[in-house]
Amino acid sequence: MQSLSVSGICKRGLLVALGVLLASGSHAQQQDFSKVKIEALKVRDNIYMLVGSGGNITVQIGSDGVLIVDTQYAELSDRILGKIRELSKGPIRYIIDTHHHADHVGGNANLRAAGMTVSGGNVGGDISDAGAGAQIIAHENALLHMSSPPAGQPAIASAALPTLTYFTPKKDLWFNGEGIRIMHEPNAHTDGDSIVYFRQSDVIAAGDVYVSNQYPFIDIANGGSIQGIIAAANNIIDLIIPVYGQDGGTLVIPGHGRLSDIGDVINYREMLTIIRDRIQDLIRKGMTLEQVQAAKPTADYDPRWGSSSGFWTTRQFVEAAYKNLSAPQGK
Amino acid sequence: MNSPIRGVLLLATAVLGCLLTSAALAEKNLAGVWTGTYSEDWPDRFPGPELGDYGGLPINDADRMRALSWSASLIALPEYQCRVHPSDYANSFADIRIWEERDPVTEKLIALHLQHFAWQTRRTIWMDGREHPPEYAQHTSMGFSTGQWDGQVLTIHTTHLKEGWLRRNGAARSDKASVTEHFIRHGDILTWTVVVNDPVYLEEPFIRNRDYKYSVDNQVANYSCESVVEMVRAPGYIPHHLPGTNEDVKIFAETHGIPYKAAMGGAATMYPEYMKVIRSLPVPPPR
């Protein structure tokens, strides 16, 4: 395995991350990362949630090494790696991308370079660098978006791309003594979303199909839909077994926001379903997008979930939902 | 050691002992089983609030819209059946038990624990000066509580609450709320005052009081809940009323001859002077 210093991989990763950032078509805004601190929240015995800037990172540690879900931004990779090393000295074996957006995959190349794929036997002997870098797993559509940036935008370096994709409803993995099920959530936040279920730890890394801090970003350009996000929330609820009283049981690490359990996901699903039903009703009445915006179908949820400025506003959310629901197929 | 010095030391020890004793006495002993007194707010507590009764709640327009969208059929869904009352509401129902957790060596109070009869929820009130967790930590129905003695009043500050409700007929309390509580013991009577600050759904802080009587013989009963499918629904179905279609909310006002507007709550409806306003509002036709 090639030896790389943390600062070295970060310098190299900056270029890669820039490409991912531009190609993703989302979150493409200048950010100051200088004051971002990476903090770790213990979720279960061997599962941690890393919080910094960008999507939450899930870290699973054990005797097999380290598995991480999502990688935030490249600029933060040295701090992320430093925090992971506080939790485990084991090799990073797997990275799972929940989807292709830059705030979730920006650190792919850096963290992959700091890891090592499980490799051996003939492969290890015949191909000298077979074990170099961690395996990056994602749904096939996530790879397609990352490897086919919109016209005029730079290609993403191959080191940042998923190395193992799936196109089936699920992919299973056994690591650190537990079964890990990666499940595709079709046409939700994007068309390449995965949720990751750690079966023994009883933790779900949800990616951006479940966020607790704002209305979910519906990336219509990349196949997202409000119906798919609601379906994903329902799927997560189906997976969850709560303890009595619903404080605990299966825990859910959201794409953004706080550590959650069934109560939070139920509230999220309820909010989205009610808003979906209202917009659908207004569409049935023949209202235009402007009329629907004027009717304020989200007014009761806006103080909690909405925003009038920034990357994803309430108006954009309503517009995306309107476009989904007024499309012929109802997506 | 000569006598004068020994005398001074004894005096100093006595003074110190008195000071420590008086400090300990400033902390009331709240441990025991306390039985709810139901002479106040009975309809709201056991039979349950009526649909469309939001009077006296300082809710804003957004919360009113949520309340008017709410359908009681929601709680028939299995995943809603055993949702527990949040800690700022659970005390309203039946008995509570309070017990102390003390350091076995120093006898210093580490925490108070409180169990509600309603849904058998248990909460911890940390008394050891620990900090609240970061915002991204899990939120729960009981929240994260720290307490301190203000004289003989126990004051509790709670954060990290999940979304709950101000009244269990659709008036939501957001997960951005923080709560301050006071437990005040007057002999065998315990008064609980809760102040809910919700930047999302309240125009002003919401204050509620409940009283309990110390019980020598009573114990807090068991409370169990098992979710079942009560009716077959389409997957993902959420009962709710579309804006402007909820006729149920008129029942309360029409049954009791209360103006619709007054039943819809808002900060003004909390204050006695609102009675003058009510008299100027049209009374709905009786049902």
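Scroll up for the structure.
What comes next is a walk through the structure. All figures in this text were calculated on a predicted structure; none of them were measured in a lab.

Some thoughts on the overall build of chain A
Within chain A one finds 11 helices and 12 strands. Per-residue burial for chain A yields a buried fraction of 59% across its 331 residues. For chain A, the proportion of contacts with a sequence separation of at least 24, taken over those separated by at least 6, is 65%. On chain A, roughly 12,700 Å² of surface is accessible, and the fraction owed to carbon and sulfur atoms is 52%.

Description of the interface of chain A and chain B
Of the residues lining the interface, 33 residues belong to chain A; the matching set on chain B comes to 33 residues. Of the roughly 3,000 Å² buried between chain A and chain B on both sides combined, carbon and sulfur atoms contribute 53%. Summed over the shared surface of chain A and chain B, the result is six salt bridges. Notably, a salt bridge pairs Lys162(B) with Asp247(A), separated by 2.8 Å at the nearest N-O pair.

Quick word on the nonpolar core
Core analysis: the largest hydrophobic core is formed by 51 residues, its most contacted members being Ile236(A), Tyr268(A) and Phe317(A). Elements with a contribution of two residues or more to this core: strand 10 (193-198), strand 11 (203-207), helix 7 (226-239), helix 8 (262-284), helix 9 (289-295) and helix 11 (314-326) of chain A. Discounting residues that sit within four places of it in the chain, Ile236(A) has contacts with Ile195(A), Ile204(A), Ala206(A), Val209(A), Tyr210(A), Val252(A) and Val265(A). Membership of the second largest hydrophobic core comes to 34 residues, among which are Tyr54(B), Ile98(B), Phe206(B) and Tyr212(B).

Some thoughts on the sheet that holds strand 11 of chain A
Residue and element names in this part refer to chain A. Overall, mixed pairing links the five strands, which are arranged 8-9-10-11-12 in an open sheet. Each having just a single partner strand, strand 8 (170-175) and strand 12 (251-254) make up the two edges of the open sheet. Neighbour-to-neighbour, the strand axes of the sheet open up by a mean angle of 20°, direction not taken into account. Relative to strand 11, strand 10 runs antiparallel, the two sharing three bridges.

Structural notes on the pattern of salt bridges
Evaluation of the coordinates by the stated rule reveals 29 salt bridges over all chains. The partner of Arg130(B) in a salt bridge is Asp128(B), and the shortest N-O contact between them spans 2.8 Å. Here Lys250(B) ties to Glu247(B) by a salt bridge, and the two come within 3.2 Å at their closest N and O atoms. Overlapping salt bridges, with partners in common, bring together Arg258(A), Asp264(A), Arg304(A) and Asp175(B) in one network.

Observations regarding the environment of Trp70(B)
Residues and elements named next belong to chain B. Turning to its location among the elements, Trp 70 is positioned in the loop between helix 3 (61-69) and helix 4 (78-81). Sequence separation between Trp 70 and His 241 is 171 residues, and the spatial gap between their C-alpha atoms is 6.3 Å. Once residues lying within four places of it in the same chain are set aside, the contact partners of Trp 70 are Leu 51, Arg 168, Asn 169, Gly 170, His 241 and Asn 246.

Notes on helix 6 (residues 140-147) of chain A
All names here are of chain A. By the burial criterion, the buried members of helix 6 are Asn 141, Ala 142, His 145 and Met 146. Buried residues of helix 6, seen end-on, are gathered within an arc of 140° and therefore sit on one face of the element. Structurally, helix 6 contributes buried residues whose contacts are with helix 3 (102-105), helix 4 (108-113) and strand 6 (135-139).

Some words on the pairing of strand 1 (residues 39-44) of chain A
Residue and element names in this part refer to chain A. In this structure, strand 1 lies alongside strand 2 (residues 47-51), joined through five bridges in antiparallel fashion. Considered in strand 2, the bridge of Glu 39 is made with Val 51. The hairpin turn running from strand 1 into strand 2, its antiparallel successor, is two residues long.

A short note on the pairing of strand 6 (residues 153-159) of chain B
Residue and element names in this part refer to chain B. Taking burial as the measure, the seven residues of strand 6 include five buried ones, the bulk of the element. Bridge count between strand 5 (residues 144-150) and strand 6: seven bridges; the pairing is antiparallel. By the bridge assignment, Asp 150 is partnered in strand 6 with Val 153. Remark: two residues form the turn of the hairpin made by strand 5 and strand 6, two consecutive strands paired antiparallel; Gly 151 in that turn has positive phi of roughly 65°.

Analysis parameters
Residues numbered from 1 in each chain as written. Chains lettered and ligands numbered in written order. Predicted model: local features only at pLDDT ≥ 70, side-chain atom pairs only at ≥ 80, totals over all residues. Heavy atoms only, no water. Helix = DSSP H or I, 4+ residues; strand = E, 2+ residues; numbered from the N terminus. Buried < 20%, exposed > 50% of the residue type's maximum accessible area, 1.4 Å probe, protein only. Contact = heavy atoms within 4.5 Å. Areas by Shrake-Rupley, 256 points an atom, 1.4 Å probe, with all protein chains shown as cover. Buried area = accessible area lost by both parts, 1.4 Å probe. Salt bridge = Lys/Arg side-chain N within 4 Å of Asp/Glu carboxyl O. Core = buried A, V, L, I, M, F, W, Y, C linked by side-chain atoms within 4.5 Å. Pairing = 2+ DSSP bridges. Axes fitted to C-alpha atoms, helices over the stretch in contact; angles between N-to-C directions. Arc of directions from axis to C-beta.

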